[in-house]
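Report on the structure
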Amino acid sequence: MADSYIDPSPANFQAFKDLPRDEPIHMLNLLEYREQAEYPEGHEHAGKGWSGRRAYEEYGKTSGPIFRRVGGTMVWRGSFQTMVTGPDAKRWHDGFVAQYPNSGAFFAMIKDPEYQQAVVNRTAALADSRLMRFAPGEAGEGF
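Nothing here was measured: the structure is a model prediction, and the numbers come from that model. (Residues numbered from 1 in each chain as written. Predicted model: local features only at pLDDT ≥ 70, side-chain atom pairs only at ≥ 80, totals over all residues. Heavy atoms only, no water.)

Section: the pairing of strand β1 (residues 25-33)
- For β1, the tally of buried residues reaches eight of nine residues, placing the bulk of the element in the interior.
- Sheet topology places β1 next to strand β3 (residues 94-100); seven bridges connect them, and they run antiparallel. Within β3, the position partnered with N29 by the bridge is F96.
- In terms of strand pairing, β1 meets strand β4 (residues 126-134) through eight bridges, oriented antiparallel. Opposite Y33, over in β4, you have L126 as the bridge partner. (Buried < 20%, exposed > 50% of the residue type's maximum accessible area, 1.4 Å probe, protein only. Helix = DSSP H or I, 4+ residues; strand = E, 2+ residues; numbered from the N terminus. Pairing = 2+ DSSP bridges.)

Some details on the sheet that holds β4
- In spatial order, the strands read β2-β3-β1-β4; together these four strands make up an open sheet with antiparallel pairing. Because the sheet does not close on itself, it has two edges, and the strands there are β2 (73-79) and β4. Ignoring strand direction, the axes of neighbouring strands in this sheet form an average angle of 15 degrees.
- In this structure, β2 lies alongside β3, joined through six bridges in antiparallel fashion. Bridge pairing in β3 links M74 to A98. (Axes fitted to C-alpha atoms, helices over the stretch in contact; angles between N-to-C directions.)

Don't take any of this as a statement about function, it's just geometry.
In structure tokens:
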């Protein structure tokens, strides 16, 4: 695998923090799971033989209550079928768009101590990912 991204770079995270914090945001998530989850030694799920997908399901189960508590909602979710425009070798497994009432809600989530324990499952699960912030726009019939 060429480049793999699980966590934001300091520069990218700073750019996120520099954007307005008082407006709704959509976060596009693209996920590629590891064949086998990679937990740190000594973690309660290390050695269970979980797939990356199974570890991500655990992340959803453990982070979901925090996501909802800060006002997060799922706008769209889908499973990858084929690349239409992009590198042929890239295969995402799943994608989704999460909506937050504002970036402050996102910050509250990632700073939450329970979330910080849950995110270990995400890191163990993913071989590669993309997380992109968008300002919500009008949906309709045209582009």
